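Residues per chain are reported as follows:
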Amino acid sequence: MSTQRKSQDPYPDLGIRHAPQMELDTPYPNLPPIPRPNEPLEKKRARLIYQSRKRGILETDLLLSTFAQKYLKEFSMEQLEKYDKLLDEPDWDIFYWATDKKSIPDYLKDNEVLDMVRQHAKNENKVVLRMPDLENGQ
């Protein structure tokens, strides 16, 4: 006699998975960014490349690491600072904004770098993406 276990989500109500003070549509709480005044251009670029591939969520890692590989080498300091501010946002929010699954908040609507990430996420050439190889021991 075999008993069949029913696989059920123990938390079917998404509200249980979030802190009670958070609305489901609001961003997850996040730690404040670490101030880095006077960070040299190449150090900032190297840090952002690393942070693009070590996000913690595979989908965002893949999206941002391939974006960083393609664009960050040519970014100006102003573009790097905009990208740095974008990386301060929660991973799932970045992913959902990039894939048009969640509306973009007003404070990011004029961020040209987010627009570039969104365009990159479309993958219009249908390129098979994979995590970029590490360069120079990064």
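Presented here is an overview of the structure given in this document. Just so you know, these numbers come straight off a predicted model, no measurement behind them.

## Details of the side chain of S52
Logical step 1: As for its placement among the helices and strands, S52 is situated in helix α2 (residues 41–53).
Logical step 2: Those residues in contact with S52, other than ones at most four positions away along the chain, are T60, D61, L64, S65, A68, Y83 and L87.

## Let's talk about the environment of T66
Logical step 1: Tracing the backbone through its elements, the reader meets T66 in helix α3 (residues 58–71).
Logical step 2: Overall, the relative accessible area of 6% leaves T66 in the buried class.
Logical step 3: In the structure, T66 is positioned 54 residues away from H120 in sequence and 8.7 Å away in space, judged by C-alpha atoms.
Logical step 4: Excluding residues within four positions of it along the chain, T66 makes contact with H120, L129, R130 and P132.
Logical step 5: Within polar-contact distance, the side chain of T66 engages the backbone oxygen of L62 at 2.8 Å.

## Side note on the environment of E42
Logical step 1: With respect to the helices and strands, E42 occurs in helix α2.
Logical step 2: Between the alpha carbons of E42 and M77 there is a distance of 9.4 Å; along the sequence they are 35 residues apart.
Logical step 3: Separated by 3.3 Å, the side chains of E42 and R45 make a polar contact.

What counts and what doesn't
Residues numbered from 1 in each chain as written. Predicted model: local features only at pLDDT ≥ 70, side-chain atom pairs only at ≥ 80, totals over all residues. Heavy atoms only, no water. Helix = DSSP H or I, 4+ residues; strand = E, 2+ residues; numbered from the N terminus. Contact = heavy atoms within 4.5 Å. Buried < 20%, exposed > 50% of the residue type's maximum accessible area, 1.4 Å probe, protein only. Polar contact = N/O pair within 3.5 Å; in protein donor to acceptor, adjacent residues only side chain to side chain.

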